[in-house]
Each structure stands twice: as C-alpha cells, then as structure tokens.
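Listed below are the residues making up each chain.
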Amino acid sequence: MSNGTPLGDFLRARREALKPQDVGLPEYGRRRVPGLRREEVALLAGVSSDYYIRLEQGRENSPSPQVLEAVAQALKLDAESADHLNRLCLAPSQRPHGRSEAEVSAQLLQLMDGWEHTPAFVLGPALDILAGNSLATALHSGFDAFDNLARNVFVDPAGREFYQEWERAAHSCVAELRAAYGHDPESARIAEVVAELSDASEEFTALWQLHDVKSKSQEGKHLKHPDVGDLHIAFAAFTVNGAPHQQLVVYQAEPASPTAAAFEALRAPATEPKKAGATAHL
C-alpha cells in the first residue's frame, strides 16, 4: 500500500492536489514539489510548520478536533473527505466492530430471494460480493466470476464493455474502496485487494494514489449485457443494520422501459441467493 501512515499519505496526496491559486496564495518562481508546500498548509490551518510536518510524517498521532477541522478547511476537503480525515485519526479501539464482514443474515438472504424482478446483492468493505439474488447473478453473467466489483471493473476483460461509462465506474469504485479503508485501515482483506489490483492495473494504482473518498452514490448507471444489450438503471445502496460495513445494493429499471424488459429476459426462476464472496478472493 505505502511506506507512510494512512493519515500522512492522505494529507500528502490532498496537499499535492492543490495549487497556491486554489487557496488564495501567490505563486512565486519555480516550485520543486507538486501542489502546496507543507509550510503553506500550516499557515492556512493556523498551526506551526513543525507541527504539520509531524502530522504528515506520522509523528503526531492525536491531533485535536479543532486542528483537524482547520487542516480540512486548509486542504478544501468536502464533508466526506473531512470525515475520512477524522476516521484516520481514530485508535483501533475507537473503531466500530460489527459481525464478521463476510456473514450475511438469513433474513437479508430471504428478502433478496423475494425480489424476482430486481437485481440485488450485498457488498463487503473490500467490494467483495457477499451474496446476490438470481437476477444479480444473471446480470453479471458475462464476467469470469461475480465475486468482487473492483476486480470486475479493473481486471476482468468484460468490465470495459459492461460498464459503458468505464472511467466514472473506475473512479467511483476506487473512491468507495478508499472510504472503506478509512473505516478500517488494518483490514487484511482490503490490503489484499489493493495489492492485487495494483499489480494487475496501472489505472487502479493511479486512482488509488489520489486518495479520493466517496461512498456509493445514487447516480444512474449505463451498463451493457452481452445478451440483452444496453441497460439504463437507477440504484440505491443501504447500510445493513447489525453489519455496518455491509451494503445492500439494489438496481432498478423504469417501469415498462427497455431495461425492465431486459431484466425480464434475464430473469431465471428464483433461487436462494448464493453466497459468492465469503471465501472468494481475487
């Protein structure tokens, strides 16, 4: 992943993404480093240069909420990125713990089983597919395996055709994985996924190094299935009660639309949702 600390890596990436004019500072002469200098961030945040350097180098582990707010403002972080910054400063004992991240409740499996006309699946923090109903499996039948969304996007050859807005899908995928990493920087599974995707995809590596953070949005998707063609879907993602690091993802089609007809063509007799990702790895 990196030789630095999670906090230091995030601060450095966001500092290097800003230019002096972005924060109202003059730019004089040639700069030897990309983005802002550490001293400039310290000035904007109202802290000493030495303190900010220690923070970025991982030698200051317990900054106050006031300092974090000031640094977030100096780096022009949005609300989600500012929350990520605060989470990176939490001690392991302060992080929430739920059930095993690969365990999907029987009630949720039964609920998905009843949605014969709606693709639905459960994601783990590392974007593993922990369970999916029969229509979700049919929708992703063009992939070698429906076991990890990040692998589908970056590694499986079918990904570039399936995700018609591939660049947007790739950026969102990495930003979601980065957000999950902020909740649990010690996650062995996230580290495994990041390491394997970094080896397999230069594009993943470049996006991961940006440290952009974004939870799953409610934006529509344009997909293309090898058998039924173009699909224009809306979707919603819900945090699972009792398993806060799991997300239930539901795809929806406009009634009487070509996408709804395509879903019907894909639909097979309802079967019990398959546990796909509990033991599957990249």
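Refer to the structure presented above.
Thresholds applied
Residues numbered from 1 in each chain as written. Predicted model: local features only at pLDDT ≥ 70, side-chain atom pairs only at ≥ 80, totals over all residues. Heavy atoms only, no water. Pairing = 2+ DSSP bridges. Helix = DSSP H or I, 4+ residues; strand = E, 2+ residues; numbered from the N terminus. Axes fitted to C-alpha atoms, helices over the stretch in contact; angles between N-to-C directions. Contact = heavy atoms within 4.5 Å. Buried < 20%, exposed > 50% of the residue type's maximum accessible area, 1.4 Å probe, protein only.

### A look at the sheet that holds strand S5 (residues 243-252)
- The strand order S2-S1-S5-S4-S3 describes an open sheet built from five strands, whose pairing is antiparallel. Edge positions in the open sheet fall to strand S2 (129-132) and strand S3 (221-225), since each of these has one partner strand only. Going across the sheet, the axis of each strand differs from the next one's by a mean of 35°, ignoring polarity.
- With seven bridges joining them, strand S4 (residues 229-240) and S5 adopt antiparallel strand pairing. Of the residues in S5, the one forming a bridge with Val240 is Ala243.
- The sheet strands contacting helix H13 (residues 258-266) are S3, S4 and S5, and the helix crosses S4 at an angle near 80°.

### Some points on the environment of Ser64
- Within the fold, Ser64 resides in the loop between helix H3 (49-56) and helix H4 (65-74).
- In this structure Ser64 comes out as partly exposed when scored by relative accessible area, which is 27%.
- Taking C-alpha positions, Ser64 is 9.6 Å from Cys89, a pair spaced 25 residues apart along the chain.

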